[in-house]
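# Working through the structure, step by step
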Amino acid sequence: MLLHFDDEALFAGSLAQATGLEARQVHRHRFPDGELKLTLPVPLPSDVVVLRSLHHPNEKLVELVLLADAARALGVRRLTLVAPYLAYMRQDKAFHPGEAVSQLIIGRLLAERFDTVLTVDPHLHRIAVLEEAVPARRAVALSAAPLIGAHFAGRMPQPLLLGPDAESERWVKAAAGAQLDYAVCTKRRSGDHDVRIELPDVALRGRHVVLVDDVASTGGTLIECARRTLGAGAARVDAAVTHALLDAAAEARLAAAGIQELVSTDTVPHASNRIGVAALVGNALR
Ligand code: R5P
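Residues numbered from 1 in each chain as written. Predicted model: local features only at pLDDT ≥ 70, side-chain atom pairs only at ≥ 80, totals over all residues. Heavy atoms only, no water.

## Concerning the overall build of the protein
- A tally of regular secondary structure across the protein gives nine helices and 16 strands.
- Against the globule reference of 19 Å for 286 residues, the protein gives a C-alpha radius of gyration of 20 Å, in line with a compact fold.
- Judged by the C-alpha coordinates and their principal axes, the protein covers about 60 × 45 × 35 Å.
- When contacts within the protein are restricted to residue pairs at least 6 apart in sequence, long-range pairs at least 24 apart make up 62% of them.
- Carbon and sulfur atoms make up 51% of the accessible area of the protein, which totals about 13200 Å². (Helix = DSSP H or I, 4+ residues; strand = E, 2+ residues; numbered from the N terminus. Rg over C-alpha atoms; globule rule 2.2 N^0.38 Å. Contact = heavy atoms within 4.5 Å. Areas by Shrake-Rupley, 256 points an atom, 1.4 Å probe, with all protein chains shown as cover.)

Shown next, in the form of structure tokens:
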């Protein structure tokens, strides 16, 4: 059985179709004081998949704790979490004394409740594999990068894929595959909204450039990268991300910075969603 919440019915439907699982909705009641009550469909089978993409994660993490512990109490033996976007992966060390290492704390919270955690393009920078952040029995990191590459592969003239920082190299390289050119910039961040980009030593004049990253949030990284790329003479700049966490204001800033088209996958529902990942996730689940 695939359990989902009302706001993810669309993705749940695609995933149910891709896997043959029966999709059932968890009912959520909010009390006047803000607390939540969840009601699970009963009876539950012994093997349950929970879908919860963790953008705006704080309340959803409470939902997952309630849901997982209630499912166990109802006899579920094997619990799988499908979190197409896995939050809190970027704070992977204490950059300043006293900072909580959110990646490990949230990873452990999930691993203690789910036998398997499956996600798409988690932000793993200083660690090699997802298991190090999410020590579940099985932690599976899929990548949408090849789907992003395929989306742009047929375009003429052929685009150059450009990653904004060293961390993006794994995604931009996988998106480019053998068919597209790619290069990677250098980024220095000095605040949530303050990033500086150095371009790589490649000819950009007259080229169609697609900026590729795992996530866009404030849009600051893509905006600065677009500014430098257009300044270097690129003919057109588009952007492609796996997880579009931007709000409408950030999206408008991207357009104002000269980014013509923003493309994203549907790991996070967004107006820029052009690439579906349900089949990718469904294959992995099967
Ligand atoms: C960080 O290294 C990520 O890969 C993204 O580049 C970053 O999180 C994007 O954030 P923003 O859109 O706020 O610049």
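Here the narrative resumes, following the displayed structure.
## Here we look at the pattern of salt bridges
- Following the criterion strictly, the structure yields 19 salt bridges and no others.
- With its nearest N and O atoms 3.1 Å apart, the salt bridge here joins D69 to R113. Here the residue D69 occupies a position in helix 2 (residues 57-73), and R113 occupies one in the loop between helix 3 (102-111) and strand 7 (116-120), the gap between them amounting to 44 residues.
- Here R207 ties to D181 by a salt bridge, and the two come within 3.1 Å at their closest N and O atoms. Of the two residues, R207 sits in the loop between strand 12 (194-198) and strand 13 (208-216) while D181 sits in strand 10 (residues 181-184), which places them 26 residues apart along the sequence.
- Accessibility expressed as a relative area gives 40% for D181, which makes it partly exposed.
- One network of salt bridges, with partners in common, ties together D6, D7, E8, R28, R52 and E63. (Salt bridge = Lys/Arg side-chain N within 4 Å of Asp/Glu carboxyl O. Buried < 20%, exposed > 50% of the residue type's maximum accessible area, 1.4 Å probe, protein only.)

## Let's talk about the site of the ligand
- Taken together, 15 residues surround the ligand, and among them E167, D213, D214, T218 and T221 come closest.
- In the model, an oxygen atom of the ligand is placed 2.8 Å from a nitrogen or oxygen of the G219 main chain.
- Against a free-state accessible area of 380 Å², the protein chains account for coverage of 94% of the ligand.
- If you list the elements that add at least two residues to the shell around the ligand, you get strand 11 (186-191), strand 13 and helix 7 (220-231).
- Top contributing element to the shell around the ligand by residue count: strand 13, with four residues.
- The residue makeup of the shell around the ligand, split by class, is two nonpolar, six polar and seven charged. (Near = heavy atom within 4 Å. Polar contact = N/O pair within 3.5 Å; in protein donor to acceptor, adjacent residues only side chain to side chain. Nonpolar A, V, L, I, M, F, W, Y, C, P; charged D, E, K, R; others polar.)

## Points about the packing of aromatic side chains
- Taken as a whole, this structure holds zero aromatic pairs when the rule is applied.
- Cation over ring: R170 sits above W171, and NZ or CZ is 5.6 Å from the ring centre. (Phe/Tyr/Trp six-rings, centres within 6.5 Å; stacked < 30°, edge-to-face > 60°. Lys NZ or Arg CZ within 6 Å of the ring centre and 35° of its normal.)

## A look at the pairing of strand 6 (residues 78-83)
- Of all six residues in strand 6, five are buried, a share of seventy percent or more.
- Relative to strand 6, strand 5 (residues 47-51) runs parallel, the two being bridged by five bridges. Along strand 6, the bridge assignment pairs D47 with R78.
- Assessed by its sense of winding, the connection that carries the chain from strand 5 through helix 2 to strand 6 is right-handed.
- In the sheet, strand 6 pairs with strand 7 via four bridges, with the strands oriented parallel. (Pairing = 2+ DSSP bridges. Right-handed = clockwise from strand over helix to strand, strands pointing away.)

## So, helix 5 (residues 145-153)
- Here helix 5 has its buried residues at A145, I148, G149, F152 and A153. With its buried residues spanning 140 degrees around the axis, helix 5 presents them on a single face.
- Where helix 5 is buried, its residues touch helix 6 (169-176), strand 13, strand 14 (236-244), strand 15 (259-265) and strand 16 (273-275). (Arc of directions from axis to C-beta.)

## Some points on the environment of V129
- Mapping V129 onto the fold places it in the loop between strand 7 and helix 4 (130-133).
- When the C-alpha atoms of V129 and L109 are compared, they prove to be 18 Å apart, with 20 residues separating the residues in sequence.

## Here we look at the packing of helix 1 (residues 9-19) against helix 9 (residues 278-285)
- With their axes 8 Å apart at the nearest point, helix 1 and helix 9 run at an angle of 45 degrees to one another. The angle between helix 1 and helix 9 falls in the class oblique. Our pair here, helix 1 against helix 9, has a crossing hand that is right-handed. Facing F11, S14, L15, A18 and T19 of helix 1, the residues of helix 9 in contact are A278, A279, V281, G282 and L285.
- By residue class, the composition of the contact of helix 1 with helix 9 is seven nonpolar, three polar and no charged. (Axes fitted to C-alpha atoms, helices over the stretch in contact; angles between N-to-C directions. Parallel < 35°, antiparallel > 145°, perpendicular 65-115°, else oblique. Left-handed = near helix turned anticlockwise from the far one by under 90°.)

## Some details on the environment of E169
- Relative to the helices and strands, E169 resides in helix 6.
- Taking C-alpha positions, E169 is 9.0 Å from Y182, a pair spaced 13 residues apart along the chain.
- When neighbours within four sequence positions are excluded, E169 is seen to be in contact with Y182 and V184.

## Focus on the nonpolar core
- Of all hydrophobic cores here, the largest spans 36 residues; its most connected members are L110, F114 and V134.
- For this core, the elements supplying multiple residues, two or more each, are strand 5, helix 2, strand 6, helix 3 and helix 4.
- Of the residues forming this core, the biggest block, five residues, is contributed by helix 2.
- Every residue in contact with V134, bar those within four places of it in the chain, is listed here: L86, M89, G107, A111, V117 and A139.
- If you look at the next biggest cluster of nonpolar residues, it comprises 24 residues, including A183, C185, A239 and A257. (Core = buried A, V, L, I, M, F, W, Y, C linked by side-chain atoms within 4.5 Å.)

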